[in-house]
Amino acid sequence: MTTLFIFPGACSFAAHVVIHELQLPISVEPVTLGDPNAPYRQINPTGRVPALLLDDQTLLTENTAILPYLADLKPGTPLFAPAGSVERAQIQGWLGYVATEVHVGAFRPINRPERYSADEAAFPGIRQRALEQLANALKPIEARLTQSDYLVGNRLTLADIYLGVFLGWSARVGVLGDFPALQAALARFRARESVVHTASAEGLA
Ligand SMILES: N[C@@H](CCC(=O)N[C@@H](CS)C(=O)NCC(=O)O)C(=O)O
């Protein structure tokens, strides 16, 4: 059986939500992060989540690959769009934007300043700049969501689900105050049945 490896509340939450949205027959397995000796390293040497282990033992990594792969298991799902369509490219564009500008560009230095300097005294400054970068990265998303409840088209897509995870993280670090459309998007995300279900399955409040 295909298995999705996750860590509660991590960026793997989006793939877990998609599994619930699409009722996919995929088992979900929590793993330990940050332990070089964890058995999970035998499956995924990077130790990162999400990772999707297919029936034939092929391992897929990266949200930008896993989310579209999961959606394509249900052809025609409104969460994604047909190959060759403009909407599909737009959804992929937002996935790439969130993965690079929001996750790695901002949250990586907020959460892991030690990856950017060996000098502990520099960490507060790195975090502060990264929080500013997060606010900058959220501005175009706020602009889009001021005009529409959804990033692409008139319906929830993979892009909104992936974004939802980082809106939750952004609220936690206190960056959503100036972004009313993002606050509303987070409230809608948290109210969605699949998200409530996933949060409960991951043991989150
Ligand atoms: N670019 C990757 C990032 C994956 C990633 O950094 N996942 C984090 C959790 S949000 C992780 O596994 N961190 C543990 C580590 O880096 O050791 C993706 O989008 O899938």
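Coordinates for the structure precede this section.
An account of the accompanying structure is given in this report.

We now examine the site of the ligand. Taken together, 13 residues are adjacent to the ligand, and C11, V49, E62, N63 and R108 come closest. Within the backbone of V49, one N or O atom sits 2.8 Å away from a nitrogen atom of the ligand. Relative to its free-state accessible area of 510 Å², the ligand is covered by the protein chains to the extent of 88%. Sorting the residues of the shell around the ligand by element identifies α4 (86–111) and α6 (158–172) as the ones contributing at least two each.

It is possible for side chains of opposite charge to pair when their charged atoms get near one another. One pass over the full model with this rule turns up five salt bridges. Note that R88 is salt-bridged to D72, the shortest N-O span being 2.9 Å. Taken as a pair, R88 in helix α4 and D72 in helix α3 (residues 63–72) lie far apart in primary sequence, 16 residues in all. Exposure remark for D72: the relative accessible area of 38% places this residue in the partly exposed category. Residue E132 pairs with R129 through a salt bridge whose shortest N-O separation is 3.2 Å. Separated by three residues within a single helix, E132 and R129 lie in helix α5 (residues 123–147), roughly one turn from each other. Take E132: its relative accessible area is 36%, and that puts it in the partly exposed class. Looking at R129, the relative accessible area reads 60%, which means it is exposed.

On the basis of which strands lie adjacent, the open sheet formed by four strands has the order β2-β1-β3-β4 and mixed pairing. Each of the sheet's edge strands pairs with one partner strand only, and the pair in question is β2 (27–30) and β4 (59–61). Strand-to-strand twist across the sheet, computed as the mean angle between neighbouring axes with direction ignored, equals 25°. The strands that helix α1 (residues 13–22) touches are β1 (3–6) and β2; relative to β1, the one it contacts most, it runs at about 145°. Strands β3 (51–53) and β4 of the sheet are contacted by α3, whose axis makes an angle of about 115° with β4.

What follows covers helix α8 (residues 193–201). For the α-helix, the turn length of 3.6 residues means that residues three or four positions removed from each other point alike. By the burial criterion, the buried members of α8 are S194, V195, T198 and A199. All buried residues of α8 project into a common sector of 130° when viewed along the axis, lining one side. Counted as exposed and oriented over 90 degrees from the buried face of α8: E193, S200 and A201. In this structure, the buried side of α8 is in contact with α1 and α7 (180–191). Note on α8: the residue one or two positions beyond its end, G203, has a positive phi of about 75°.

This next bit is on the packing of α4 against α5. The geometry of α4 relative to α5 is characterised by a closest axis approach of 7 Å and an angle of 160° between their N-to-C directions. One way to sum up the angle between α4 and α5 is to call them roughly antiparallel. You can see that α4 and α5 cross each other, and the crossing is left-handed. Residue-level contacts link W94, Y97, E101, V102, G105, A106, F107, P109 and I110 of α4 to I126, R127, A130, L131, Q133, L134, N136, A137, P140, I141 and R144 of α5.

What follows covers the layout of surface pockets. In this structure, the largest pocket occupies an estimated 900 Å³ of space. Lining of the largest pocket is provided by 31 residues; of these, C11, R48, V49, H103 and R108 occupy positions nearest its centre. Taken together, the elements giving at least two residues each to the lining of the largest pocket come down to α3, α4 and α6. Examining the composition of the lining of the largest pocket, we find that seven residues originate from one element, α4, more than from any other. Of the residues belonging to the lining of the largest pocket, the class tally is 13 nonpolar, 11 polar and seven charged.

About the thresholds
Residues numbered from 1 in each chain as written. Predicted model: local features only at pLDDT ≥ 70, side-chain atom pairs only at ≥ 80, totals over all residues. Heavy atoms only, no water. Near = heavy atom within 4 Å. Polar contact = N/O pair within 3.5 Å; in protein donor to acceptor, adjacent residues only side chain to side chain. Areas by Shrake-Rupley, 256 points an atom, 1.4 Å probe, with all protein chains shown as cover. Helix = DSSP H or I, 4+ residues; strand = E, 2+ residues; numbered from the N terminus. Salt bridge = Lys/Arg side-chain N within 4 Å of Asp/Glu carboxyl O. Buried < 20%, exposed > 50% of the residue type's maximum accessible area, 1.4 Å probe, protein only. Pairing = 2+ DSSP bridges. Axes fitted to C-alpha atoms, helices over the stretch in contact; angles between N-to-C directions. Contact = heavy atoms within 4.5 Å. Arc of directions from axis to C-beta. Parallel < 35°, antiparallel > 145°, perpendicular 65-115°, else oblique. Left-handed = near helix turned anticlockwise from the far one by under 90°. 1 Å grid on protein atoms, 1.4 Å probe; cavity = no way out; pocket = protein on both sides within 12 Å on 5 of 7 lines; lining within 4 Å. Points joined across faces, edges and corners; volume = space filled by probe spheres on them. Nonpolar A, V, L, I, M, F, W, Y, C, P; charged D, E, K, R; others polar.

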